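Structural description and commentary
Okay, here's what each chain looks like letter by letter:
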Amino acid sequence: MARKLPMYKAISEAIAQEMEKDENIFVMGEDIGAYGGIFGATSGLLEKFGPERVRDTPISESAFIGAALGAASKGMRPIVELMFVDFFGVAMDQIYNHIAKAHYMSGGQVKMPIVITTAMGGGYSDAAQHSQCLYGLFAHVPGLKIVIPSNSYDAKGLMISAIRDDNPVMYFFHKGLMGLGWMPSPPEAAVEVPEEPYTVPIGEAKVVREGSDVTIVGVAKTVHEGIWAAEELEKEGISAEVIDLRSLVPLDKKTLLESVKKTGRLVIADEDYRSYGMSGEIIATVVENGISLEAPPVRVAYPDVPVPYSRVLEKYVLPDKEKIINAVKNIM
């Protein structure tokens, strides 16, 4: 049976169902217990599983991510929430030098079944230290899988896949899609979610709207902006195909290349910084595979500036429907 759920409930349901099946799974992080996580992703877990398996931690990210590393090396399956992706700097050594590399450097003897969840994204005036995406930083490091859902169905399925994976998975959720009362979320993000457990494969993109004139690629919030742009463009006779990557690592190159080969035009909508990130990697993938384009590819990405606190300035720099529409029209 399926019901419509907001993303935060879909994520917490996925975690609860896996915890019921495997006593080696536990959750820890800041305010993830009684508070249920600042973005609701662990709501109800403390009541179901108690403080031994749902552990509120001190404000010491390097310590609790280091603890997850040790627990995973001994057979546990930790899920760690670090409140904002912007805070990962203090735990980078644990993540990119140890969690990402332990399996390789042990000759395959040490598994790292860790899920690191975190909130990303702007749109609500939380300024430069609480509004970044930064998934490109982690996609750059071999050994980490990266997943980014755009709706509640994928949120549940990708979380279950991440928990069951023996590799470290970084799970990014956009604050503006979670369905919280205090932060507006597009209604399209809350879709039907089956009650029973299911998986969405890591590394499989989805064509969420078919088209023939241009390919629009996005993740999380920019998927919705891309769909809204495609609906407006259709009124002017332009047929846009929209791809939700869902995973950055592994990247579904097959779906991407098939679409761009069909349409001959490419626009990437990316809330992460423009330089050295997802948008450039997608363009490189298309070019390296010899796909012939009818116009230069375009990046509708976050400019290389700190995220402004001012609501007007933040809206000015965030990728949105209007910027995508303009980009498509410029290459048609």
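The structure presented is a predicted model; accordingly, all values stated were derived computationally and were not measured.

1. Some details on the pairing of strand 10 (residues 214-218)
Most of strand 10 is tucked away: five of the five residues are buried. Here strand 10 shows no split at all, with Val214, Ile216 and Gly218 on one side and Thr215 and Val217 on the other all buried. With helix 8 (residues 221-234) bridging strand 10 and its parallel neighbour strand 11 (residues 240-244), the resulting β-α-β unit is right-handed.

2. Here's the deal with the sheet that holds strand 14 (residues 298-302)
Taking strand neighbours across the sheet as the criterion, the five strands line up as 9-11-10-13-14 in an open arrangement whose pairing is mixed. Two strands close off the open sheet at either side, each with one partner strand: strand 9 (206-209) and strand 14. Strand after strand, the sheet turns through a mean of 25° between neighbouring axes, direction not considered. Sheet analysis places strand 10 next to strand 13 (residues 266-273), joined by three bridges and oriented parallel. Bridging from a neighbouring strand, Val217 pairs with Ile268 of strand 13. Where helix 8 meets the sheet, it contacts strand 9, strand 10, strand 11 and strand 13, and its direction lies at approximately 170° from that of strand 11.

3. Remarks on helix 4 (residues 92-99)
Every buried residue of helix 4 is accounted for by Gln94, Ile95 and Ile99. Take helix 4 and look down its axis: the buried residues cluster within an arc of 95°, on one side only. Contact partners of the buried residues in helix 4: helix 3 (61-73), helix 5 (102-105), strand 5 (115-120), helix 6 (135-139) and strand 7 (169-174).

4. Some words on the packing of helix 1 (residues 7-21) against helix 2 (residues 45-53)
The contact between helix 1 and helix 2 brings their axes to 11 Å, and the two run at 60°. Relative to helix 2, helix 1 is oriented oblique. For the element pair helix 1 and helix 2, the recorded crossing hand is left-handed. Where helix 1 approaches helix 2, its residues Ser12, Ile15, Ala16, Met19 and Glu20 are matched on the opposing element by Leu45, Lys48, Phe49 and Arg53.

5. Some points on the environment of Met76
Topologically, Met76 is positioned in the loop between helix 3 and strand 4 (77-84). A sequence separation of 64 residues divides Met76 from Ser12, and the C-alpha atoms of the two residues are 19 Å apart. Aside from chain neighbours lying at most four places away, what touches Met76 is Asn24, Phe26, Ala71 and Pro113.

6. What about the packing of aromatic side chains?
According to the stated counting rule, one finds 10 aromatic pairs in the structure shown. Relative to Tyr198, the ring of Tyr153 has its centre 4.5 Å away and its plane inclined at 20°; by these criteria the two rings are stacked. Of this pair, Tyr153 sits in helix 7 (residues 152-164) while Tyr198 sits in the loop between strand 8 (192-194) and strand 9, placing them 45 residues apart in sequence. Using a relative accessible area of 12% as the deciding quantity, one classes Tyr198 as buried.

7. A short note on the nonpolar core
Core analysis: the biggest nonpolar cluster contains 90 residues, and Tyr135 and Leu245 have the highest contact counts within it. Setting aside its immediate chain neighbours within four residues, Tyr135 contacts Met120, Ile146, Ile148, Phe172, Val219, Leu248, Asp270, Glu271, Asp272 and Met278. Core analysis: the next-biggest nonpolar cluster, separate from the first, contains 17 residues, Val214, Ala230, Val242 and Val267 among them.

8. Remarks on helix 8
A rise of 1.5 Å per residue sets the reference length of helix 8, with its 14 residues, at 20 Å; its end C-alpha atoms lie 20 Å apart and thus fit the reference within 8%. Three or more residues of helix 8 are buried, namely Thr222, Val223, His224, Glu225, Gly226, Ala229, Ala230 and Leu233. On its buried face, helix 8 sits against strand 9, strand 10, strand 11, strand 13 and helix 12 (321-331).

Thresholds, definitions, all that
- Residues numbered from 1 in each chain as written.
- Predicted model: local features only at pLDDT ≥ 70, side-chain atom pairs only at ≥ 80, totals over all residues.
- Heavy atoms only, no water.
- Buried < 20%, exposed > 50% of the residue type's maximum accessible area, 1.4 Å probe, protein only.
- Helix = DSSP H or I, 4+ residues; strand = E, 2+ residues; numbered from the N terminus.
- Right-handed = clockwise from strand over helix to strand, strands pointing away.
- Pairing = 2+ DSSP bridges.
- Axes fitted to C-alpha atoms, helices over the stretch in contact; angles between N-to-C directions.
- Contact = heavy atoms within 4.5 Å.
- Arc of directions from axis to C-beta.
- Parallel < 35°, antiparallel > 145°, perpendicular 65-115°, else oblique.
- Left-handed = near helix turned anticlockwise from the far one by under 90°.
- Phe/Tyr/Trp six-rings, centres within 6.5 Å; stacked < 30°, edge-to-face > 60°.
- Core = buried A, V, L, I, M, F, W, Y, C linked by side-chain atoms within 4.5 Å.
- Expected span 1.5 Å × (residues − 1).

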